[in-house]
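Okay, here's what each chain looks like letter by letter:
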Amino acid sequence: MLVVDQGGLVVAANAAARGTVGGVRPDDVLPIHGTRRVGFLRYLKRCASTDAIVPGTLFLEADDGTVERRRCHGARTRFDAFGGRVLTLLHLDGPMLDRRFAILSAKLEAARGVMQERRLRSRRMQSLLEERGRLLVRLKEDAAARVAAERERDQVLTRLYRAGQDERRRLARDLHDHAGQHLVAMTFGLRRLTPHLAAPGALAELDLLLRQAQDIGQALRRVSLELRPAALDEFGFVTALRYLAKEWSRLTGIATEFQMVGQDVPLSTELAVTLYRLSQEALTNVAKHAGQPSAVSVVLLFGVSHLTLTVDDDGVGFDADAASALALVAEGKLGLIGMRERMSLVGGSLELESMPGHGTTVMARVHLRGDVSSDG
Ligand SMILES: Nc1ncnc2c1ncn2[C@@H]1O[C@H](COP(=O)(O)OP(=O)(O)O)[C@@H](O)[C@H]1O
Ligand SMILES: [Mg+2]
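Please read these numbers as outputs of a predicted model, since none were measured by experiment.

Colleague: Would you explain the pairing of strand E2 (residues 10-13) in this entry?
Modeller: Alignment of strand E1 (residues 2-4) against E2, held across three bridges, turns out to be antiparallel. Along E2, the bridge assignment pairs Val 4 with Val 10. Between E1 and the antiparallel strand that follows it, E2, lie five residues; Gly 8 among them carries a positive phi value of about 90 degrees.

In structure tokens, the structure reads:
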């Protein structure tokens with residue numbers, strides 16, 4: 001309880017009033033918080049202008065800046081002891097309000113604590129989520145890097161494999177085209193010498209040379225077998241041959257038909273390699289010599305007892321009957337002779353049909369009975 005004049009000067013204050021924020025004492029100006037001062041003076045004027053009790057609010061400010069909000073009731077009063085001036089008797093509703101406020105603020109404080117805890121937890125959750133996101137990104141990057149590395153390794157392996165295959169093919173071709181065919185030519189030459197050798201011991205010497213040539217030929221065949229086309233190993237004979245025809249057609253642009261008739265049986269490695277190389281040579285000849293054939297066909301016929309491979313073109317053809325082995329060897333043309341030699345080595349035969357203007361047919365024939373695949 002306190003009494004103030006119209007300017008807020010404290011005229012009297014009881015113990016309760018003195019215990020409020022700011023320590024209100026008589027002769028003090030009521031320590032109303034600066035921004036609220038105008039409103040407070042207006043409130044005092046209102047109290048002075050009526051007989052009613054006017055409810056209001058005080059914002060008391062302590063020296064340290066703390067502001068205490070107090071509900072109050074004001075009533076006009078006059079005391080003779082204070083010169084009969086119009087004064088206002090202010091009753092502070094404080095303690096009740098304070099208690100309620102204390103309970104409320106305790107609840108608020110608790111709520112604030114919970115909120116803070118929640119905020120903290122959600123912040124922790126957020127940072128966990130971010131961490132997980134970063135980990136996921138890193139995992140994805142790692143996985144992508146691994147996939148790229150694997151792809152690169154595969155490419156390198158493929159390149160190495162292809163390089164190896166190319167090398168084998170080149171070696172096999174060199175052996176066949178150069179060493180093998182020249183050996184054939186040499187054998188022919190040696191045989192041609194036979195009638196002219198009269199001196200004693202010369203025939204025996206020639207025999208020795210021929211046997212040596214034969215041994216070299218066998219050694220070459222073994223190496224050539226080991227260098228057999230990779231396609232044969234990978235796909236088996238029929239598929240490899242089909243692939244060869246398709247590739248050849250793609251490279252030359254000549255329509256090529258591959259046909260297999262009958263039920264295929266496993267062939268020995270030597271027979272498969274022989275027929276495969278023969279097809280390569282026959283197709284090479286078509287590309288080299290047949291002019292502009294409109295169609296080429298490769299037919300593989302598995303009969304009851306025989307296998308026949310035919311390579312046929314409708315190109316310019318040539319006089320096959322006139323082309324004697326000796327003449328061909330003399331001209332260094334060793335493809336057809338090589339085919340025939342190779343077929344006889346596997347117990348087969350080669351037929352050649354060709355006339356100028358009527359295309360060319362190369363037909364290889366071999367007995368099938370007892371021919372068992374030697375390499376699975
Ligand atoms: N499909 C073909 N069409 C036309 N002529 C061919 C065909 N195949 C072979 N010839 C003829 O037979 C010859 C001998 O062939 P070949 O022994 O393979 O020797 P090269 O191919 O080295 O000439 C060839 O030069 C060519 O005149
Ligand atoms: Mg040839």
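Colleague: Just to check I follow, could you spell out unusual backbone geometry for this structure?
Modeller: A positive phi angle, near 75 degrees, is found at Asp 27, a position not held by glycine. Within the secondary structure, Asp 27 sits in the loop between helix H1 (15-18) and helix H2 (37-48). Owing to a relative accessible area of 65%, Asp 27 belongs among the exposed residues under this scheme.

Colleague: Even after reading the chapter, I still don't get the domain arrangement of the protein, so can you show me in this structure?
Modeller: Many authors give the size of an interface as the accessible area that is lost as the parts come together. Assigned domains of the protein: these are domain 1 (2-92), domain 2 (126-227) and domain 3 (231-367). Averaged C-alpha coordinates put domain 2 and domain 3 at centres separated by 22 Å. Contacts between the two partners involve 14 residues from domain 2 and, on the opposite side, 16 residues from domain 3. Here domain 2 and domain 3 share zero salt bridges between them. Along the contact surface separating domain 2 from domain 3 lie zero residue pairs in polar contact (both at pLDDT 80 or more). Here the side of domain 2 that touches domain 3 takes 10 residues from helix H3 (residues 94-193), the largest share from any one element. When the residues that make up the side of domain 2 that touches domain 3 are grouped by side-chain class, the tally is seven nonpolar, four polar and three charged.

Colleague: What's the story with a nonpolar patch on the surface in this structure? I'm lost.
Modeller: Taken together, the side chains of Val 156, Leu 157 and Leu 160 make up a nonpolar region of the molecular surface, amounting to roughly 270 Å² of accessible area. Residue position: Leu 157 is located in helix H3. Here Leu 157 falls in the partly exposed class, since its relative accessible area comes to 48%.

Colleague: Looking at this structure, how should I read the pattern of salt bridges?
Modeller: Opposite charge on two side chains allows them to pair when their charged atoms are near. Counting across every chain of the model gives seven salt bridges. For Glu 68, the salt bridge goes to Arg 70, with nearest N and O atoms at 2.7 Å. Taken as a pair, Glu 68 and Arg 70 share a single burial class, namely buried. Across the salt bridge formed by Glu 331 and Lys 333, the nearest N and O atoms sit 3.2 Å from each other. For Glu 331, a relative accessible area of 51% translates into the label exposed.

Colleague: It is not clear to me how the sheet that holds strand E3 (residues 54-61) should be interpreted in this structure. Could you clarify?
Modeller: In a beta sheet, neighbouring strands are held together by backbone hydrogen bonds and run either parallel or antiparallel to one another. If you trace the five strands from one edge of the open sheet to the other, you get E2-E1-E5-E4-E3, paired in antiparallel fashion. Two strands in the sheet have a free side with no partner beyond their single neighbour: E2 and E3. The mean angle between the axes of side-by-side strands here comes to 35 degrees, regardless of whether they run parallel or antiparallel. Bridge count between strand E4 (residues 67-78) and strand E5 (residues 86-92): seven bridges; the pairing is antiparallel. Bridge assignment links Arg 76 to a residue of E5, and that residue is Thr 88.

So, how was this worked out
- Residues numbered from 1 in each chain as written.
- Chains lettered and ligands numbered in written order.
- Predicted model: local features only at pLDDT ≥ 70, side-chain atom pairs only at ≥ 80, totals over all residues.
- Heavy atoms only, no water.
- Pairing = 2+ DSSP bridges.
- Helix = DSSP H or I, 4+ residues; strand = E, 2+ residues; numbered from the N terminus.
- Buried < 20%, exposed > 50% of the residue type's maximum accessible area, 1.4 Å probe, protein only.
- Domains from an automatic or database assignment.
- Contact = heavy atoms within 4.5 Å.
- Salt bridge = Lys/Arg side-chain N within 4 Å of Asp/Glu carboxyl O.
- Polar contact = N/O pair within 3.5 Å; in protein donor to acceptor, adjacent residues only side chain to side chain.
- Nonpolar A, V, L, I, M, F, W, Y, C, P; charged D, E, K, R; others polar.
- Patch = residues over 30% accessible without salt bridge, like charges linked within 9 Å, V, L, I, M, F, W, Y side chains within 5 Å.
- Areas by Shrake-Rupley, 256 points an atom, 1.4 Å probe, with all protein chains shown as cover.
- Axes fitted to C-alpha atoms, helices over the stretch in contact; angles between N-to-C directions.

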